[in-house]
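# Coordinates in review
Residue-level listing of the chains:
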Amino acid sequence: TSYHCDVPLASTLPRESFSCSSQLSRSHGPGFASLNRRDGAGGWSPLVSDKYQWLQVDLGERMEVTAVATQGGYGSSDWVTSYVLMFSDSGRNWKQYRREESISGFPGNTNADSVMHYQLQPPLEARFLRFLPLAWSPKGRIGMRIEVYGCTYRSEMVNFDGKSSLLYTFNRKSVSPAKDVISLKFKTRKTDGILLHREGQNSKHVTLQLVRGKLILLLNSGCANLPSPDAHATLTLGSLLDDEHWHSVLIELGNTHVHFTLDRHSQHFQAEGKCDYLDLDYKISFGGIPGHGKSVAFPQKDFHGCFENLYYNGVDIIDLSKKHTTQILVTVRGNVSFSCSHPQIVPVTFLSSRSYLALPGTIGEDKVSVTFQFRTWNRAGLLLTTQFQHGPVALVLVLNDGKLRLSLSQPGHPARDITAGAGLSDGQWHSVSLSLKGNHLNVMVDGEAASVAHSLHGQIDSGETYYLGGNSSGPGCGGPLAGFQGCLRLISIGDQAVDPIMVQQGSLGTFRDLQIDTCGLTDRCLPSYCEHGGECSQSWDTFSCDCMHTGYTGATCHSSLFEQSCDAHRHRGNSSGFYYIDSDGSGPLGPALVYCNMTEDTTWTLVQHNGSQLAKVKSLNRESPQPVFFKYTVSLDQLQAIMDGADDCRQELVLRCKKSRCHLSHTCLSDGTPVSWWVGRTNETHTYWGGSLPGAQKCACGLQGNCLDSQYHCNCDAARNEWTSDTVVLSHKEHLPVTQVAMRDTGRPHSEAAYTLGPLLCSGDNSFWNSASFSTDTSYLHFPTFRGELSADVSFFFKTTAPSGVFVENLGITDFIRLELPPAEVTFSFDVGNGRCEVTVRSPTPFNDNQWHHVRAERNVKEATLQVDQLPSKTQAAPADGHARLQLNSQLFVGGTATRQRGFLGCIRSLRLNGLALDLEERATMTPGVDPGCPGHCSSYGHLCHNGGRCRERPRGIACDCAFSAYDGPFCEKISAYFGIGSSVIYDFQEHSNYTTSKNSSSFATLLHGGLTLAGEMATLSFRTTGTPSLLLYVSSFYEEYLSVILTPNGSLQIRYKLDRHQEPDVFNFGFKNFADGWLHQVTIHREGQGFGGRVGWWRPCRRGPGLRPPCPNACPACLPADPPGADPDTLRASLRGFTGCLSAVRFGPAAPLKAALRPSGPVAVTVRGHVAAASQCAESKGTRAPAREANRPISSGTGACPSARSRACVIAVVVFVLLCLTTVAARIYQQRWLYKKNESTVPPAGDSAETALKSEVNMQSSVSESQREYFF
């Protein structure tokens, strides 16, 4: 408004307009309470300074109040430091004015004479105001002088009795073609009723309805063919609206959009369809639905209460209703009056669990009768206790789990209980009637009765006192149940109605911690601070959020449970698979399920659609081709976020054609009609194909110059007589993903064409590695102000060698937020108006170790949390009823402060605020003292390279070099294979040495050709099987010396070494368990001369000294496929059964036979016999059945191959025979045994060496839980 509404209202009033709860003396009376007044004692002071005192002013009529001001008592030590402002239309049923950012009281004075002025936003309309002191001068008492500012308030009112309504028929010319605007205020004590209704054809209607104290706007577009939410929409606002106070409503109704506001809260709805919400009849009803509405199919009640200032498109409906004109525009139905009556019901608020109201009863009556109504959010609380006059008989009524339970107890006799009602902690008013007479006990809740015969021992004489709420001295005290918190009204004791005003005046009963003549119940779930669909529940003094199934966590469901990208999953050590990613973190978009493909070089994010099947291309005709629509497994907003965060995105379309000419390289026909096109996410049509730029009109083969027919720029434009194909790669992120494809050919005889559209592929994460290096402590990066009023989270990585520094800072006038690094700790501090709050995480080791550390801080209306790495998080609760909004106005400083002090030295990476990534690198390029990027990732992420893989630095991340590992994959942990029956892998060391020697790349190969003796070796393998006996590994020379690893018939594992063909093999026996149990087991063998160490999983057998022979080996029948000379019978028998299961990570010295077979990279002599299928890993699940998620890839086939990869035989039928021909090396082993004996004093402890090798080579879990043992011989 343009007028000024700030006129002093209280100073012009007579003394009689001021009243109070009590006064210290006549000179301290309320009539002296005007601002700056010095007569009398210079202000109002009550007789007793406590929280039950109040000062009231009657403005004479309803006024618009825009501000209040307070002073202390003139020339005294008396003032109020905080207070509550109440308002009312009638001097009854008071309501507290609640500041927007807080539900606590107003700040008061700090001395007697200064004026504390507070602007009311929004203003209030009332006749009566009350000031309730909460705190006052510690050296004085309560003292107040006040002023009220505002102006006259104009209003038109109408009262509906629940059977009446107004029907407005308007001129069509008065209807706005753009939108309808409806505004009104209402108040009622009923929970249900129709406020307005307008309908049209085909059941179309707009209805505003009060349901259980909530305001619901129902929209029916009348388009039955549209799915929800376009056809039917429901917008809900408000709660506890049956409080007999005014509530303002504004509805802006457009053709396809609705804006709905109640008091200070709004909802907006935008329909995606083409239906028109304004296409309605030219009648609108208020207060009810005349004729019960032809389009309404829901329960309805007419409104019972008052409207004020009802306007429809600027027309004053109430004023129009009062006029009696020949042209009747408003039809009145029923008894409608144009004034609003005031209720005489006086509610009472129980503020704390120790609040109580003690009321006298009629002593000596032979019956007990109590009735009242209550409303609460608490599920439990003590409601009523009384004790009979004769004998220790107690009657106790409690609210327990949302139900009422009445207990009648008498010493020496079992208690009688009655349970009644359910869901009574819903904030609604519920009526209770309790009676006890004769031998009958009756409880009625909301009109439904529950009764029981009680057989009371002794006479019923009603007690002297009835206690409502908690009471420290009444019967039933001292129990675990807290007192009732909520509101009571319409209280009757012994058929006598109780007047709470008499209680307030001290003439009836006693009380503690009550507010009389007001219901202070607050809906703490309005507005709901629970984010991302979390469900809000509440009690009297707090709320909580249920984050189940939302994908988010935290006190307000603010923090995402999922990583921001596939790149982030990769650098947590995760392998390829389906993962949820949340590209905007705590932002509004939910998590999206995608497939993350972790390759050696790149991490790819795959998003599928519903059109993966082959789509046929129709022949050319006069009609335009019908497009094929593609719907993705995630929303377009999520796709946009994924692509915005990626370095590169592409989508592949494969076109197969025969005798077809699809005109991929021609945009239009001769008449200008497009031949083929596709539509991207912005609904723009594109006619270019392939990896070309828009408008290039070439397929990929045309760009590369390798099309089958050089006359054309696409293979499928050549109309060849054989099947050919074009692979089209669309790589402009701005146009992707493809949502429609329309394609046709020229209709040549016998022409055929079809295409498939692949998934959306995106690689990289442009925020995960986005970093900046700060080289001076006076440098910083600055960004726009951080907007995190109600929820703010900051996350980033840092590494430094400096002991301290500020990571992030943003300031307001008094509010601020800061994250900094003191020595050996990270501190998160902020102020939202309640004073400085600080949360600190301390580490047992300093953070300035030049390693990457991850920090995540969150502040919301309930608490502040700080998490650093995997250290225990720290949490600090927000003060109850304190300020909630974080108000900042300066720039956001990163790596420093506005004062250029305590700057950060080091690197900050992947900085996100409320899920939004900041581009540190771009800002660093233009900032002195700050460089984009930060090297040195292997020091923090090198542990992801397993099994001997070496970490290699990249500008944006790391890569694992698996060249010297028996494993492969992104982290050197994937080399596994399932073998068919009769299959084997044979590795020839002689040919391997010829190749590697020529390359001069292997010292092991040089050793072979140099004729030197191999003094020891390290061998590893992992297996999973249920079959026995089995041969796992066999290494032999031409001189009948060998190493074999077998499973015996009872499942025990044996390692057999034969270094002298004239002697029996040395047998190393793991006989303490059955290893053919379907679990993954890892075997490590380490030999130095005659010193030997062996290990299975985490089992380390006990030691045996050098040269000692173990007990006799187990005997079992077996034979090798090709009987090598010298093999012992047990090894031969084990080979005959074969190996059934999965084998992985086979390594002998520097050679990796299984890796050479599955990932061939050179002319190494590896022979694969039978069916061998690569698998993701052996440890997916227990048993020998291949998991369904593993994609088996056959690399060779022969006899014995399995007919079906799904059959159990194929999964478990595995035989591996690894023949490692060591040529002349092993032949020299026997000749050099004297060398081992001579140097046995220098042999290192084999157990220690084996354990070291195990930890460096393999990182797999074993199910074995028994104690560890180690052998050495």
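These numbers were taken from a predicted model, which means no experiment stands behind them.

Rules and cut-offs
- Residues numbered from 1 in each chain as written.
- Predicted model: local features only at pLDDT ≥ 70, side-chain atom pairs only at ≥ 80, totals over all residues.
- Heavy atoms only, no water.
- Helix = DSSP H or I, 4+ residues; strand = E, 2+ residues; numbered from the N terminus.
- Buried < 20%, exposed > 50% of the residue type's maximum accessible area, 1.4 Å probe, protein only.
- Contact = heavy atoms within 4.5 Å.
- Areas by Shrake-Rupley, 256 points an atom, 1.4 Å probe, with all protein chains shown as cover.
- UniProt positions renumbered as here; feature names shortened; annotations may be inferred.
- Phe/Tyr/Trp six-rings, centres within 6.5 Å; stacked < 30°, edge-to-face > 60°.
- Lys NZ or Arg CZ within 6 Å of the ring centre and 35° of its normal.
- Polar contact = N/O pair within 3.5 Å; in protein donor to acceptor, adjacent residues only side chain to side chain.
- Lys, Arg positive; Asp, Glu negative; His and termini not counted.
- Salt bridge = Lys/Arg side-chain N within 4 Å of Asp/Glu carboxyl O.
- Disulfide = S-S within 2.5 Å.
- Pairing = 2+ DSSP bridges.
- Axes fitted to C-alpha atoms, helices over the stretch in contact; angles between N-to-C directions.

A count of helical and extended segments in the chain gives 15 helices and 85 strands. Across the 1273 residues of the chain, 54% fall into the buried class. Contacts in the chain between residues at least 24 apart in sequence constitute 70% of all its contacts with a sequence separation of at least 6. Surface accessibility of the chain: about 55,000 Å² in total, with carbon and sulfur atoms responsible for 50%.

Moving on, we get to the UniProt feature "domain: EGF-like" (unreviewed entry) in the chain. Taking the UniProt record as the reference, the feature "domain: EGF-like" (unreviewed entry) is found at residues 521-558 and 935-973. The distance separating the terminal C-alpha atoms of residues 521-558 is 27 Å; by composition the span is 0% helix and 26% strand. Span residues 935-973 is 10% helix and 26% strand, its end C-alpha atoms 25 Å apart.

Before going further, it helps to spend a moment on the packing of aromatic side chains. Tallied over the full model, the rule gives 33 aromatic pairs. Relative to Phe798, the ring of Phe796 lies with its centre 6.4 Å away and its plane at 55 degrees, an arrangement referred to as tilted. Both residues of the pair, Phe796 and Phe798, belong to the buried class. Grouped by ring-pair contacts, the aromatic residues Phe774, Phe796, Phe798, Phe807, Phe847 and Phe904 constitute a single cluster. Against the face of Phe1075 rests Lys1073, its NZ or CZ located 5.0 Å from the ring centre.

Next up on the list: helix α10 (residues 1129-1137). Along α10, the residues classified as buried are Asp1130, Thr1131, Leu1132, Ala1134 and Ser1135. Residues of α10 that are buried in the fold lie against β75 (1030-1036), β76 (1042-1047) and β77 (1053-1058). The backbone nitrogen of Asp1130 lies 3.1 Å from a side-chain oxygen of the residue at the head of α10, namely Asp1128. Of the residues flanking the end of α10, it is Gly1138, one or two places downstream, whose phi is positive at about 80 degrees.

Once that is clear, we can look at the side chain of Asp523. Following the sequence through the fold, Asp523 ends up in the loop between β38 (514-516) and β39 (535-538). As a buried residue without a salt bridge, Asp523 has its nearest oppositely charged side chain in Lys214, at a separation of 6.0 Å.

Let us look at the state of the cysteines. Put plainly, two cysteines are in a disulfide when a covalent bond ties their sulfur atoms together. Evaluated as defined, the whole model comprises 12 disulfides. Note that Cys487 is cross-linked by a disulfide to Cys519, the S-S spacing being 2.1 Å. Since a negative S-S torsion denotes a left-handed disulfide, the Cys487-Cys519 link at about 95 degrees is right-handed. Here Cys487, found in strand β35 (residues 486-493), pairs with Cys519, found in the loop between β38 and β39; they are 32 residues apart in sequence, far enough to count as distant. Exposure remark for Cys519: the relative accessible area of 26% places this residue in the partly exposed category. Linked covalently through their sulfurs, Cys938 and Cys951 form a disulfide whose S-S length is 2.0 Å. Where Cys938 bonds to Cys951 through sulfur, the torsion about that S-S bond is close to -90 degrees, and the disulfide is left-handed. Separated by 13 residues along the polypeptide, Cys938 in helix α7 (residues 938-941) and Cys951 in strand β70 (residues 950-954) bring together distant segments of the chain.

Turning next to the pattern of salt bridges. If you walk through the whole model with that rule in mind, you get 38 salt bridges. With a shortest N-O distance of 3.9 Å, Arg92 and Asp517 are connected by a salt bridge. One end of the pair, Arg92, is in the loop between β4 (80-88) and β5 (95-96); the other, Asp517, is in the loop between β38 and β39, and 425 residues separate them in sequence. Relative accessible area serves as the criterion here: at 30%, Arg92 is assigned to the partly exposed category.

Glancing now at the sheet that holds strand β25 (residues 356-360). Pairing within the open sheet is antiparallel, and its seven strands lie in the order β30-β29-β28-β27-β34-β25-β37. The sheet terminates laterally at β30 (413-420) and β37 (510-512), the two strands that pair on one side only. Strand-to-strand twist across the sheet, computed as the mean angle between neighbouring axes with direction ignored, equals 15 degrees. As paired elements, strand β28 (residues 394-400) and strand β29 (residues 403-410) share seven bridges and run antiparallel to each other. Pairing of Leu397 across the sheet is with Leu406, part of β29.

What the seven strands build is an open sheet, ordered β15-β14-β13-β12-β19-β10-β22; its pairing is antiparallel. Looking at which strands have only one partner, the edges of the open sheet turn out to be β15 (232-237) and β22 (330-333). The sheet shows a mean angle of 15 degrees between the axes of neighbouring strands, taken without regard to direction. As paired strands, strand β12 (residues 193-199) and strand β19 (residues 283-286) are joined by two bridges and run antiparallel to one another.

Our next topic: unusual backbone geometry. Here Gln121 and Pro122 are connected by a cis peptide whose omega angle stands at 0 degrees. Here Pro122 is to be found in strand β7 (residues 116-136). With an omega of -5 degrees, the peptide bond running from Leu526 to Pro527 counts as cis. For Pro527, the location among the structural elements is in the loop between β38 and β39.

A word on the environment of Phe32. For Phe32, the position within the fold is in the loop between β2 (18-20) and β3 (55-71). Residue class for Phe32 comes out buried when judged on its relative accessible area of 11%. With 112 residues separating them along the chain, Phe32 and Met144 place their C-alpha atoms 9.2 Å apart.

The next point concerns the pairing of strand β79 (residues 1081-1088). Within β79, seven of the eight residues are buried, leaving the element largely enclosed by the surrounding structure. Relative to β79, strand β74 (residues 1016-1025) runs antiparallel, the two sharing eight bridges. Opposite Ser1022, over in β79, you have Gln1082 as the bridge partner. What sits between the antiparallel neighbours β79 and strand β80 (residues 1091-1096) is a turn of two residues, in which Gly1089 has the positive phi angle 65 degrees.

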